[in-house]
Amino acid sequence: MSYPFKILNQSTSTIQSGRVGWRCPSNIAIVKYWGKHGRQLPRNASLSLTLSNAHTDTYISYKGNKGGKLSISFLFEGEANRAFEDKIKKFLDSVLDHYPVLNLLHLDISSSNSFPHSSGIASSASAMAAIAMCICEIDQVISGNGSETIDIHKASYLARLGSGSASRSVISKLGAWGTHAEIHDSSDLYAVAVADVHEVFHSFHDDILIVSAAEKSVSSTAGHALMNGNVYAKPRYQQANDRISELKKILKSGDVDAFGKLAEDEAMTLHALMMCSDPSYVLMEPGTLDIIREIRNYRLETNTPIYFTLDAGPNIHVLYPDSVKEDAESFINQVLVPYTANGRVIKDIVGNGPKKLV
Ligand code: PMV
């Protein structure tokens, strides 16, 4: 697939220096992306809630370099971090075809998360989205195309190349990535905003219960790759696309119970796919299953619309509408928190996407 955006060229022979900064949130997929091909293209469409409190702040100071080759330094939470620096450098080197201006620059990048790095929360979505916003702005400024409006689809395209789910983190409120007949303007190349959404989903809560902060035994990259040999892959991709159609109707109607059921079904499907991969693996922990049981029992007993979803890890995302906030919080504190690692909960809610910091 050819690159759908204009490649900008540097307009002057002297590169001016400057500084940009962007805050980008994490997101939680309701219909999951699991399985990819080519240059980070999804096997099925996915749809997520953009969060607000779990975010990454990234600042980049840029200046002209002398060697004609991109160079960077990287600080994570104020300290040098070689592993992250190598990852970011590799990512930026891989997008030089779309951003040739990078080869004229030295970038001092500093990044920090609002949530503890060791919390078991994947930060790649917010981190890659924040870097993408910064790079798009630098590219525009240097080419003389201004800095005011960033083309959000172009930023999403770049974020996607860093981490697939990051493509959705630049979209306000609800984002969808992957071509789907019922999502207007949808594309495998970048995420788009989801239209026709009932307002109940604009203030939906996602409280993240940290069951384990340990590093995952199987990375997302390895997990996506295992879908290639999974006998259920084909029906799964079809199911995900059907579920997007179903979810689109639910989002329009505001049916919270149907939304919660679909979110839970997707979480269980994702983990079932991992368990029936070859080799098989399990990312849920005993505490994950305890919390799932408690949520289901509580819902049965009280009829309160509290649901869960999971990412590729053991931590539980508790989903509920703002109207039951008080009940949900006391249930979480009294019943669910004892199953977490040291009482760790990240309270989050649907948010508005990227925020310019500089
Ligand atoms: O963006 P990646 O490659 O880390 O994959 C993330 C996949 C899930 O988080 C499990 C699902 C999703 O759509 O975000």
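Each chain has its residues counted from 1, running along the sequence as written. Given that this is a predicted model, residues contribute local features only at a pLDDT of at least 70 and side-chain atom pairs are listed and counted only at 80 or more, while totals for whole chains, interfaces and linings are drawn from all residues. Only hydrogens and water are set aside; all other atoms, that is, all heavy atoms of the structure, feed into the side-chain values.

A. Structural context of the overall build of the protein chain. Summing up its helical and strand segments, the protein chain has 8 helices and 14 strands in all. Throughout, radius of gyration means the C-alpha value; the globule benchmark is 2.2 Å times the number of residues raised to the power 0.38. Computed over the C-alpha atoms, the radius of gyration of the protein chain is 20 Å, within 12% of the 21 Å expected from 2.2 N^0.38 for a compact globule of 358 residues. Expressed along its principal axes, the backbone C-alpha trace of the protein chain runs to roughly 70 × 40 × 40 Å. Taking all 358 residues of the protein chain together, the buried fraction comes to 55%. Contact definition: two residues touch when any of their heavy atoms are within 4.5 Å. Residue pairs at least 24 apart in sequence account for 76% of intrachain contacts in the protein chain once pairs closer than 6 positions are excluded. Using a 1.4 Å probe, the Shrake-Rupley method yields the accessible areas, and only the shown protein chains count as cover for residues. Approximately 15200 Å² of the protein chain is accessible, and the part contributed by carbon and sulfur atoms is 50%. Only four residue types enter the charge count, namely Lys and Arg as positive and Asp and Glu as negative; His and the chain termini do not. For charged residues, the charge sits on one atom: NZ in Lys, CZ in Arg, CG in Asp, CD in Glu. Averaging the coordinates of the 34 positive side-chain charges in the protein chain and doing the same for the 38 negative ones gives two points 7 Å apart. Elements are defined by DSSP. Helices are runs of H or I of four residues or more, strands are runs of E of two residues or more, and each kind is numbered from the N terminus. Per-residue accessibility, obtained with a 1.4 Å probe over protein chains only, is compared with the maximum for each type, and a residue is labelled buried under 20%, exposed over 50%, and partly exposed between these values.

B. Main features of the pattern of salt bridges. Salt-bridge detection follows one rule: a side-chain nitrogen of Lys or Arg within 4 Å of a carboxyl oxygen of Asp or Glu. Taken as a whole and judged by the stated rule, the model has 15 salt bridges. A salt bridge links arginine 236 to glutamate 266; its shortest N-O distance comes to 2.7 Å. Residue arginine 236 is found in helix H5 (residues 233-253), and its partner glutamate 266 is found in helix H6 (residues 256-275); the two are separated by 30 residues along the sequence. Residue arginine 236 is classed as buried on the basis of its relative accessible area of 4%. Accessibility expressed as a relative area gives 0% for glutamate 266, which makes it buried. Residue glutamate 329 pairs with lysine 347 through a salt bridge whose shortest N-O separation is 2.7 Å.

C. Here's a closer look at H5. In this analysis, the expected span of each helix is defined as 1.5 Å times one less than the number of residues it contains. With 21 residues, H5 ought to run about 30 Å at 1.5 Å a step, and its terminal C-alpha atoms sit 30 Å apart, in line with that. The complete set of buried residues in H5 reads Ala233, Arg236, Tyr237, Ala240, Arg243, Ile244, Ser245, Leu247, Lys248, Ile250 and Leu251. Contacts made by the buried residues of H5 are with strand E1 (18-31), strand E4 (46-64), strand E8 (174-177) and H6. One or two residues past the end of H5 sits glycine 254, with phi positive at roughly 80°.

D. Structural context of the site of the ligand. Lining the immediate environment of the ligand, one finds 13 residues, of which Tyr33, Ser165, Arg168, His224 and Asp311 sit closest. Side-chain atoms alone can form a polar contact between residues adjacent in sequence; in general such a contact is a pair of N or O atoms within 3.5 Å, and within protein one must be able to donate a hydrogen while the other accepts it. At 2.9 Å from an oxygen atom of the ligand is found a main-chain nitrogen or oxygen belonging to tyrosine 33. Within the side chain of serine 163, an N or O atom sits 3.1 Å from an oxygen atom of the ligand. Contact with the protein chains covers 91% of the free accessible surface of the ligand, which is 380 Å². For this scheme, ten residues count as nonpolar: Ala, Val, Leu, Ile, Met, Phe, Trp, Tyr, Cys and Pro. Four count as charged, namely Asp, Glu, Lys and Arg, and the remainder, Gly too, count as polar. Taken together, the residues that form the shell around the ligand break down as 5 nonpolar, 5 polar and 3 charged. Being near a molecule or strand, for a residue, comes down to having at least one heavy atom within 4 Å of it.

E. View of the domain arrangement of the protein chain. Segmentation of the protein chain into domains returns domain 1 (18-194) and domain 2 (199-349). Residue ranges for the domains originate in an automatic or database domain assignment. Each of domain 1 and domain 2 was reduced to a C-alpha centroid, and the two centroids are 24 Å apart. Taken together, the 33 residues of domain 1 in the interface contact 44 residues of domain 2. When domain 1 packs against domain 2, close to 3300 Å² is buried across both sides, 66% of that on carbon and sulfur atoms. Looking only at domain 1, the three residues that lose the most surface to domain 2 are Ile30, Lys32 and Trp34, adding up to 26% of its buried area. If you look at where domain 1 meets domain 2, you find 0 salt bridges. In short, buried area is how much 1.4 Å probe accessible area vanishes from two parts on joining, totalled over both.

F. Expanded view of the sheet that holds strand E12 (residues 316-320). Taken together, the 4 strands give an open sheet; going across it, the order is E11-E12-E10-E13, and neighbouring strands pair in antiparallel fashion. With partners counted over all chains shown, the strands left at the sheet margins are strand E11 (307-310) and strand E13 (345-349), one partner each. Across the sheet, the mean angle from the axis of one strand to that of its neighbour is 25°, orientation sign disregarded. Inter-axis angles, ranging from 0 to 180 degrees, are taken between N-to-C directions of lines fitted to C-alpha atoms, where helices are fitted over the stretch in contact. Docked against the sheet, helix H8 (residues 325-336) engages strand E10 (205-209), E12 and E13, running at close to 155° with respect to E12. At least two bridges found by DSSP between two strands are what make those strands a pair.

G. Quick peek at the environment of glutamate 199. Mapped onto the elements of the fold, glutamate 199 is located in the loop between strand E9 (191-193) and E10. A residue is classified by how much of its surface remains accessible, and glutamate 199, at 63% relative accessible area, is exposed. Expressed as a C-alpha distance, the spacing of glutamate 199 and glycine 254, which sit 55 residues apart in the sequence, is 7.5 Å.

H. Fine view of the pairing of strand E5 (residues 71-76). Judged by which residues are buried, E5 turns out to be one-sided: Ile72, Phe74 and Phe76 face inward and are buried, whereas Ser71, Ser73 and Leu75, on the alternate face, are not. Two elements, E5 and strand E7 (residues 105-113), share 6 bridges in a ladder whose sense is parallel. Bridge assignment links isoleucine 72 to a residue of E7, and that residue is leucine 107. Sheet topology note: the E5/strand E6 (residues 79-80) ladder contains 2 bridges and is antiparallel. In the strand pairing of E6, leucine 75 is matched with alanine 80. Linking E5 to E6, which pair antiparallel, is a turn of 2 residues; within it glutamate 77 sits at a positive phi near 50°.

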